[in-house]
Amino acid sequence: MVISLREAVAEHVHDGDMLALEGFTHLIPHAAGHELIRQGRRNLTLVRMTPDMVYDQLIGSGCVTKLTFSWGGNPGVGSLQRFRDAVENQWPHRLEIEEHSHAGMATRYAAGAAGLPFGMLRGYIGTDLAKHTTTIKTVECPFTGELLAAVPALNPDVGIIHAQRSDRHGNVQIWGLLGVQKEAVLASKRSIVTVEEIVDELPPVPGAIVLPSWVVSAVCHVPGGAHPSYALDFSVRDNSFYKAWDAISKDRDAFTTWVDKHITSSADFAEYRQSVGI
Amino acid sequence: MVISLREAVAEHVHDGDMLALEGFTHLIPHAAGHELIRQGRRNLTLVRMTPDMVYDQLIGSGCVTKLTFSWGGNPGVGSLQRFRDAVENQWPHRLEIEEHSHAGMATRYAAGAAGLPFGMLRGYIGTDLAKHTTTIKTVECPFTGELLAAVPALNPDVGIIHAQRSDRHGNVQIWGLLGVQKEAVLASKRSIVTVEEIVDELPPVPGAIVLPSWVVSAVCHVPGGAHPSYALDFSVRDNSFYKAWDAISKDRDAFTTWVDKHITSSADFAEYRQSVGI
Amino acid sequence: MAEYTTDELMIVNAARKLGALAAAGDSRCFVGIGLPSTAANLARRLYPIEPVLIYESGCIGSKPTRLPLSIGDGELAETSDAVVSVPEIFAYWLQAGRIDIGFLSGAQLDKYANINSTVIGSYESPKTRLPGAGGAPEIAASAGAVMVIMRQSARAFVERCDFRTSIGYGDGKGDRERFGLRGGGPKWVITDLAVMEPDPDTCELVVVGLHPGVSRDQVTAATGWVVRFIDDVATTDEPTDHELDTLRRLQAA
Amino acid sequence: MAEYTTDELMIVNAARKLGALAAAGDSRCFVGIGLPSTAANLARRLYPIEPVLIYESGCIGSKPTRLPLSIGDGELAETSDAVVSVPEIFAYWLQAGRIDIGFLSGAQLDKYANINSTVIGSYESPKTRLPGAGGAPEIAASAGAVMVIMRQSARAFVERCDFRTSIGYGDGKGDRERFGLRGGGPKWVITDLAVMEPDPDTCELVVVGLHPGVSRDQVTAATGWVVRFIDDVATTDEPTDHELDTLRRLQAA
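Residues numbered from 1 in each chain as written. Chains lettered and ligands numbered in written order. Predicted model: local features only at pLDDT ≥ 70, side-chain atom pairs only at ≥ 80, totals over all residues. Heavy atoms only, no water.

Draft legend 1. Quick peek at the overall build of chain A. A count of helices and strands for chain A gives 10 helices and 14 strands. At 18 Å, chain A has a C-alpha radius of gyration in line with the 19 Å of a compact globule built from 278 residues. The principal-axis extents of the C-alpha atoms in chain A amount to approximately 60 × 50 × 30 Å. In chain A, buried positions account for 68% of the 278 residues. About 8800 Å² of surface is accessible on chain A, with carbon and sulfur atoms providing 50% of the total. (Helix = DSSP H or I, 4+ residues; strand = E, 2+ residues; numbered from the N terminus. Rg over C-alpha atoms; globule rule 2.2 N^0.38 Å. Buried < 20%, exposed > 50% of the residue type's maximum accessible area, 1.4 Å probe, protein only. Areas by Shrake-Rupley, 256 points an atom, 1.4 Å probe, with all protein chains shown as cover.)

What follows is the structure, given as structure tokens:
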């Protein structure tokens, strides 16, 4: 249950899998993303509402053939350079995209978590998204005749999140901004959770939710594993690191050099932290 | 915002309204139900997953023409005698019923809270419920072709719940078993919340949710207002009172005498408590 | 050998089955109040691998120190790993297929394990109005397997239910598949006289076990359809002193 | 009169509008990070009736003491009346019609207030790939009214968007009704040069206000469609020292 991140990725993530590394600004599982690069996973379909730096790193490293998303940028900074280069110039290779809205993605995760084949919302109507995204259809209300947008459930092969802590049985506790962390785990066939700390007993925390151990495939102790994202009450968002990423990621060689030097050359996230000095 | 229960019912509840007095064993708004009887509301449509003693009292008092529900009994005791007498013998008059399952009712509240015209679930299939309940239909998944049960959103005129406390602005805090308390308020056009206490600041409580004041029409300070149901950390369920209700409610005269003596003859819930000695 | 009531007999037999299922990896039980809750809590005390108790009131992983008197008992929330809303417990947990074992009971059970907890007589003018469906239809549809615990009598065990509140095997083998139900349906019916299971070929409930001292004639007389017995009907073990002591201490807590 | 930047000019004008709307009872704002968040937080400090800040990250009633740097800033959660999941904020709060005012911006805005934040050029082989929709389509659909805050230029204010990420008035009056949208759509476009509003008869954006010292020719030159001006175009008030001081203290916090 509680194993190393290297073991968890080796055991649960395979080439060609559909993965959701979720986190809505808070609790983004950067360490897990790095381990996917280290182990050289390929042909991944990545799913995420807000792909940010870690997805940029995976895309630029050639791990990803498809991205399903609703907003792909560097919050407060600008573009995701590797994402743009892949879409605009097919570098390092072609990236297929499936584009939705936040509400549509949240609905798809919730449908997946609920064991429903699809979800519905008052959305997309009048936009060009439905013209380009085949996973947006309509459904008619059998009572009122209203037409609503319908989107298929998301059921990734592996849901990966970061959380504040777990107990030794693998019960996971999350508080602060909850995002779609619960839905990403419950919608996925398997799940990996990296945590700041592992304790004997989970002390009650206002606003916290608990995912019972039996819906989690692996818990990995990775302090700071969300950096430059954060874990409320353990760390703060490293905004300067996000800003610095813009320059690093703008240039293909600078990006490749950075990934080789800091991620691929590090044995694990602890070494990576020393390497980048955080 | 913070007014007396008498004022709240007088202002927000009208004859012929659809009401949801919710509470899943925990936080059942008995005091509010009594005030409806005192003010002689008629032709009400009552909605509730688990109608219990307070709905029995409203039905027996002739306030109710229709009941939408999923389980109508006296938990751990047996039948709801007034409910049975109304359905089996039309006493005090005919009671129309619209019958669902728990999952169906929960889905209907959630759809109502989400501003959707209907909700869907894997349910009802193979049962006789759909033969007798016109608000159970099917919807086809536009992606897989699967048939799912569809139920219309519930949007009561007034949602009424009991909660542990609110602040002076009317922000409401609820913890322990949450039932469908949030959905019942958010799905309703207006809402009344009775609370154990009103405080200056809401102290954070593990497992608590907060309903902001601007989704609540009225907050009323009614200590013990859930009795014989309970409010976690303020009271415990009065199981003997539920047991005693069986004998009181079995006989029409005994029931009428009890309601006259304890509810109608009391000016408010405080007097009622003295009258029944709780 | 200690004296025991028929309730104790049913509870102990249900607890034994739950212990065996938990040991085999099917540990998540969606329990209602009454016999199922008592049986599941007894199993938690009797066996090394404990069933995980999930209550429809939203409690996940409850470990009550005493038997809850209602499904909303505060003790259930206070001892849970997680407490979620009622819409969530039905959508994310039961419907999503995370429950291994559900429990059902009712006023009528028919030979295909369909259950009636709605009305005796006609729906429009019932002879007896019962509480209704509650969580039963979706437990019957989505739980990995269903255990029925119910007192046996010819009035209750009928050829066909007056009203089908929750589905077992419908009108026979293949109906569950036709309806696209994901759950496995009723696998065990534990009564005060016997243990029944669906015939693999027809899905009709047949007697696979008799409780100590119960005759086939008693069971036949207490069943409203022409009930069949498998060739080698077992006799269930007497409740042991340890089982009964544990149960009685639990009920006294 | 104090010096001020064009950003400060837009923020102050937006804050004034939010103050007036809150006083009139439309106080619930669904805010993103950047100018809208700054304007809403400024209004909270300038006016007696404060806007209620709701962030798509799930924070309801946030009262940050400093400006959040990202929509997921911890400060937002810690100062909220309630924090809910992302599926809930979109379903129970935005979609249900509980938001009075939403904010939108983008790379392109067309004369019917449709907005593009997806691609410049063709979707299949874009000249510039933009971040995408985020919450915009449903904010545009469900918010009671929408305020657009955007720098004005002929490149950004176009006759027709390359891609319609969120809908304003579609191809003109009546489209919102035809699409069955419940929200009111864009009511105010606040730029660094002017204030525009939809023409009541055509829903085409027309200039209703000019910022101090801005000429009609400047606005015409900075608009990609033949922009019209209402008869009595107002000039917006200069940002006051008090407004600017409050804003700068907020940004320095």
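What follows continues from the structure just given.
Draft legend 2. Geometry of the overall build of chain C. Within chain C one finds eight helices and 15 strands. Rg of the C-alpha trace for chain C: 18 Å, near the compact-globule value of 18 Å for 253 residues, within the 12% margin. When the backbone C-alpha atoms are referred to their principal axes, chain C occupies close to 45 × 45 × 35 Å. Buried residues in chain C amount to 64% of all 253 residues.

Draft legend 3. Highlighting the pattern of salt bridges. Inspection of the entire model under this criterion finds 59 salt bridges over all chains. In this structure, K111 of chain C and E159 of chain C form a salt bridge, with 2.9 Å as the shortest nitrogen-oxygen distance. Of this pair, K111 of chain C sits in the loop between β6 (108–110) and β7 (115–116) while E159 of chain C is found in the loop between β11 (157–158) and α6 (175–178), placing the two residues 48 residues apart along the sequence. Of the residues examined, E159 of chain C reaches a relative accessible area of 41% and is grouped as partly exposed. When the shortest N-O distance is used, the salt bridge between R248 of chain D and E8 of chain D registers 2.8 Å. Separated by 240 residues along the polypeptide, R248 of chain D in helix α8 (residues 241–252) and E8 of chain D in helix α1 (residues 6–23) bring together distant segments of the chain. Given a relative accessible area of 34%, R248 of chain D falls into the partly exposed group. Through salt bridges with shared partners, a single ionic network connects K66, E96, E98 and R108 of chain A. (Salt bridge = Lys/Arg side-chain N within 4 Å of Asp/Glu carboxyl O.)

Draft legend 4. Looking closely at the interface of chain A and chain D. Counting residues at the interface gives 39 residues for chain A and 42 residues for chain D. When the two sides are added together, the surface that chain A and chain D hide from each other amounts to roughly 3400 Å², 62% of it contributed by carbon and sulfur. At the junction of chain A with chain D, the criterion picks out one salt bridge. Taking the shortest distance from any N to any O, the salt bridge between E99 of chain A and R129 of chain D comes out at 2.4 Å. Inspection of the region where chain A meets chain D yields 13 residue pairs in polar contact (both at pLDDT 80 or more). Put simply, the parts of the chain that give the side of chain A that touches chain D at least two residues each are α4 (81–89), β6 (96–99), α5 (102–113) and α6 (129–132) of chain A. Here the element with the most residues in the side of chain A that touches chain D is α4 of chain A; it accounts for four residues. Taken together, the residues of the side of chain A that touches chain D sort by class into 17 nonpolar, 14 polar and eight charged. (Contact = heavy atoms within 4.5 Å. Buried area = accessible area lost by both parts, 1.4 Å probe. Polar contact = N/O pair within 3.5 Å; in protein donor to acceptor, adjacent residues only side chain to side chain. Nonpolar A, V, L, I, M, F, W, Y, C, P; charged D, E, K, R; others polar.)

Draft legend 5. Quick peek at the interface of chain D and chain B. Taken together, the contact pairs 15 residues of chain D with 13 residues of chain B. Of all residues in chain D, the largest losses of buried area upon contact with chain B belong to Y92, W93 and R98 of chain D, amounting jointly to 45% of the total for that side. If you look at where chain D meets chain B, you find one salt bridge. The shortest N-O distance in the salt bridge between E88 of chain D and K182 of chain B comes to 2.7 Å.

Draft legend 6. Representation of the sheet that holds strand β10 (residues 145–149) of chain D within the structure. All names here are of chain D. Spatial ordering of the open sheet is given by β4-β3-β2-β1-β5-β10-β12-β13-β14-β15, a layout of 10 strands whose pairing is mixed. The two strands at the open ends of the sheet, each matched to only one other strand, are β4 (82–83) and β15 (229–235). Direction of pairing for strand β2 (residues 52–55) relative to strand β3 (residues 59–62): antiparallel, over a ladder of three bridges. Looking across to β3, one finds that I54 is bridged to I60. (Pairing = 2+ DSSP bridges.)

Draft legend 7. Looking closely at helix α4 (residues 86–95) of chain C. All names here are of chain C. Within α4, nine of the 10 residues are buried, which leaves it mostly tucked inside the rest of the structure. The set of residues buried in α4 consists of V86, P87, E88, I89, F90, Y92, W93, L94 and Q95. Looking one or two places after α4, you find G97, whose phi comes out positive at around 85°.

Draft legend 8. Up close: the environment of F163 of chain C. Here F163 of chain C is to be found in the loop between β11 and α6. For the pair F163 of chain C and A39 of chain C, spaced 124 residues apart in sequence, the C-alpha separation works out to 27 Å.

Draft legend 9. Quick peek at the side chain of Q57 of chain A. Residues and elements named next belong to chain A. As for its placement among the helices and strands, Q57 is situated in helix α3 (residues 53–60). The class for Q57 is buried, based on a relative accessible area of 1%. With residues up to four places along the chain from it excluded, the contact list for Q57 reads H34, I37, W245, F255, W258 and I263.

Draft legend 10. View of unusual backbone geometry. For the bond from W91 of chain A to P92 of chain A, the omega torsion is 0°, close enough to zero to count as cis. Residue A113 of chain C is not a glycine yet carries a positive backbone phi of 65°. Take A113 of chain C: it is sitting in the loop between β6 and β7. With a relative accessible area of 2%, A113 of chain C lands in the buried category. In this model, C203 of chain C sits at a positive phi of 70°, which is unusual for a non-glycine residue. Residue classification places C203 of chain C among the buried residues on the basis of a relative accessible area of 9%.

Draft legend 11. Seen up close, the sheet that holds β11 of chain C. Residues and elements named next belong to chain C. What the three strands build is an open sheet, ordered β7-β6-β11; its pairing is mixed. The sheet is open, and its two edges are formed by β7 and β11, each paired on a single side. In the sheet, β6 pairs with β7 via two bridges, with the strands oriented antiparallel. In the strand pairing of β7, Q108 is matched with N116.

Draft legend 12. Local environment of the packing of helix α3 (residues 53–60) of chain B against helix α4 (residues 81–89) of chain B. Residues and elements named next belong to chain B. Two numbers describe how α3 lies on α4: the axes approach to 7 Å, and their chain directions differ by 45°. In terms of their interaxial angle, α3 and α4 are classed as oblique. The two elements α3 and α4 cross, and the hand of that crossing is left-handed. Residues D56, I59 and G60 of α3 touch α4, and the partners they reach there are Q81, R82, F83 and A86. Here the contact of α3 with α4 is composed, by residue class, of three nonpolar, two polar and two charged. (Axes fitted to C-alpha atoms, helices over the stretch in contact; angles between N-to-C directions. Parallel < 35°, antiparallel > 145°, perpendicular 65-115°, else oblique. Left-handed = near helix turned anticlockwise from the far one by under 90°.)

Draft legend 13. Up close: the packing of aromatic side chains. In the structure shown here, the tally under the stated rule is 21 aromatic pairs over all chains. Taking 5.5 Å as the distance between ring centres and 70° as the angle between the ring planes, the aromatic pair formed by W214 of chain A and W93 of chain C counts as edge-to-face. With one member in each of two chains, W214 of chain A in the loop between β13 (209–211) and β14 (218–221) and W93 of chain C in helix α4 form a pair that bridges those chains. The burial state of W214 of chain A is the same as that of W93 of chain C; both residues are buried. Judged by centre distance (5.2 Å) and plane angle (75°), the ring pair of W245 of chain A and W258 of chain A falls under edge-to-face. Placement of W245 of chain A in helix α8 (residues 239–250) and of W258 of chain A in helix α9 (residues 252–264) is noted, with a sequence separation of 13 residues between them. (Phe/Tyr/Trp six-rings, centres within 6.5 Å; stacked < 30°, edge-to-face > 60°.)

Draft legend 14. Representation of the environment of C63 of chain A in the model. Residue and element names in this part refer to chain A. Residue position: C63 is located in the loop between α3 and β3 (64–69). Note on C63: relative accessible area 1%, which makes it buried. Residues C63 and T45, spaced 18 residues apart in sequence, show a C-alpha to C-alpha distance of 8.9 Å. When residues no more than four places from it in sequence are discounted, the contact partners of C63 are I37, R41, R42, N43, L44 and L58.

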